[in-house]
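# Summary of the model geometry
Take a look at the letters that make up each chain.
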Amino acid sequence: MAIILDGKALAAKCKQEVKKEAESLARTPGLAVIIVGNNPASRVYVNSKRKDCEECGFLSEEYALPEETTQGELISLIQQLNVREDIDGILCQLPLPDGIDEEAVLMAISPEKDVDGFHPMNMGALLVGKEGFLPCTPYGIMEILKEYDIDPKGKRCVVIGRSNIVGKPMALLLLQKHGTVTICHSRTQNLAEICRTADILVAAVGKVNMVTADMVKPGAVVIDVAMNRNEAGKLCGDVDYPAVKELAWAITPVPGGVGPMTRAMLMKNTLLSAQKRQG
Ligand code: NAP
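## A look at the overall build of the chain
- From N to C terminus, the chain includes 10 helices and 11 strands.
- Against the compact-globule benchmark of 19 Å for 279 residues, the chain has a radius of gyration of 19 Å, which places it among compact chains.
- Judged by the C-alpha coordinates and their principal axes, the chain covers about 50 × 40 × 35 Å.
- Among the 279 residues that make up the chain, the fraction classed as buried is 47%.
- A separation of at least 24 residues holds for 70% of the contacts in the chain among residues at least 6 apart in sequence.
- Surface accessibility of the chain: about 13,300 Å² in total, with carbon and sulfur atoms responsible for 53%.
- On the chain, the mean spot of the 31 positive side-chain charges and the mean spot of the 35 negative ones are 4 Å from each other.

## With respect to the site of the ligand
- The local shell around the ligand holds 23 residues, among which Arg-162, Ser-163, Ser-186, Lys-207 and Thr-262 are the closest.
- Between the ligand and the protein, one listed contact pairs a nitrogen atom with a backbone N or O atom of Val-225 at 3.0 Å.
- Contact between the ligand and Thr-262: an oxygen atom at 2.7 Å from a side-chain N or O atom of the residue.
- Surface burial for the ligand is 72%, taken as the share of its 920 Å² of free accessible area covered by protein chains.
- For the shell around the ligand, the element with the highest residue contribution is helix α10 (residues 258–277), accounting for 3 residues.
- In the shell around the ligand, the residues fall into 11 nonpolar, 9 polar and 3 charged.

## Focus on the nonpolar core
- By size, the foremost hydrophobic cluster in this structure holds 47 residues, and its most contacted members are Phe-58, Leu-174, Val-202, Val-221, Ile-223, Val-225 and Met-267.
- Of the residues forming this core, the biggest block, 8 residues, is contributed by α10.
- Every residue in contact with Val-202, bar those within four places of it in the chain, is listed here: Ile-141, Val-158, Val-159, Ile-160, Met-170, Leu-174, Ile-223 and Val-225.
- Counting residues in each nonpolar core, the second largest holds 18 residues, with Cys-195, Val-211, Ala-220 and Ala-248 among its members.

## Regarding the sheet that holds strand β7 (residues 200–203)
- With respect to topology, 6 strands assemble into an open sheet ordered β1-β11-β8-β7-β5-β6, the strand pairing being parallel. What marks the edges here is a single partner per strand, and that holds for β1 (3–4) and β6 (180–184).
- Sheet strands in contact with helix α7 (residues 167–176) are β5 (156–160), β6 and β7, and its direction is about 170 degrees off that of β5.

## Overview of the pairing of strand β2 (residues 30–36)
- In terms of burial, β2 is largely enclosed, as 7 of its 7 residues are buried.
- Note: β2 against strand β3 (residues 59–65), 7 bridges, orientation parallel. Paired with Ile-35 across the strands is Ala-64, a residue of β3.
- Across 4 bridges, β2 lies against strand β4 (residues 89–92) in parallel orientation.

Rules used in this analysis
- Residues numbered from 1 in each chain as written.
- Predicted model: local features only at pLDDT ≥ 70, side-chain atom pairs only at ≥ 80, totals over all residues.
- Heavy atoms only, no water.
- Helix = DSSP H or I, 4+ residues; strand = E, 2+ residues; numbered from the N terminus.
- Rg over C-alpha atoms; globule rule 2.2 N^0.38 Å.
- Buried < 20%, exposed > 50% of the residue type's maximum accessible area, 1.4 Å probe, protein only.
- Contact = heavy atoms within 4.5 Å.
- Areas by Shrake-Rupley, 256 points an atom, 1.4 Å probe, with all protein chains shown as cover.
- Lys, Arg positive; Asp, Glu negative; His and termini not counted.
- Charge placed at Lys NZ, Arg CZ, Asp CG, Glu CD.
- Near = heavy atom within 4 Å.
- Polar contact = N/O pair within 3.5 Å; in protein donor to acceptor, adjacent residues only side chain to side chain.
- Nonpolar A, V, L, I, M, F, W, Y, C, P; charged D, E, K, R; others polar.
- Core = buried A, V, L, I, M, F, W, Y, C linked by side-chain atoms within 4.5 Å.
- Pairing = 2+ DSSP bridges.
- Axes fitted to C-alpha atoms, helices over the stretch in contact; angles between N-to-C directions.

Given below as structure tokens:
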């Protein structure tokens with residue numbers, strides 16, 4: 001039976017450390033969160049970010065804009081936040097309503113305050129191995145691996161999913177740590193066969209039970225990024241958890257694995273920004 005990689009406990013520890021470090025700063029770190037429209041899932045995420053800020057002792061500002069907000073109005077708000085001394089991080093909750101170009105909005109956020117790590121400047125920094133904000137989900141996964149002494153060096157790593165916010169940066173971070181990395185996606189042939197080669201398997205697709213036990217090498221480390229709802233409406237990942245945990249060496253649960261660490265890394269990035277901006 002696999003070791004359960006407890007992201008929830010690690011996230012609580014990370015946030016405690018962030019809070020302690022923030023207390024030593026002359027000015028409290030500040031995070032601005034923008035939400036446009038009435039997406040219920042986005043509302044839940046924004047509420048939890050506010051709670052995290054409270055836990056870490058951060059200033060938290062929320063801008064809840066109506067569905068009919070124009071791209072120009074949104075970018076104008078971001079520009080105001082870009083020059084605010086007391087704001088270290090700016091986050092625009094995705095997805096945005098139809099008619100707003102997400103890329104243009106993400107580009108408008110100053111790379112110095114892009115604590116989500118989605119700006120092409122920060123993405124580029126990751127690609128070439130320079131300092132920048134790391135996207136929170138893959139960053140959190142690397143912290144989980146570190147906490148449990150799982151070193152990707154020389155390991156076969158397979159990442160299922162190639163999105164800009166999870167799959168691609170995840171693969172780059174594993175590569176940076178000297179893993180031998182394969183990225184799979186919807187057009188990959190022989191997916192099961194490739195997955196079976198993985199010492200570290202990361203599933204970031206968004207399909208219930210798509211990673212079955214026959215796709216996992218006995219003794220592998222399995223990281224389940226996805227947040228799906230099953231037929232009973234229960235939160236679950238991509239991995240057939242009950243079956244895979246019997247043969248993996250270690251596995252992240254859903255909930256309680258990657259999700260809490262994503263939130264904790266947002267707090268860490270905001271702290272890093274505040275530290276940099278305060279010299
Ligand atoms: P996304 O942008 O929809 O990307 C999904 C990826 O899965 C795509 O690259 C897609 O391939 C690939 N894919 C789809 N069907 C596949 C198949 N049958 N076989 C192999 N690959 C397939 O999603 P995302 O934003 O990366 O998020 C992925 C999952 O993680 C979602 O469930 C999301 O809710 C969750 N998530 C969780 C956290 C967290 O904190 N835990 C954070 C972010 C996201 P193509 O590129 O070819 O279409």
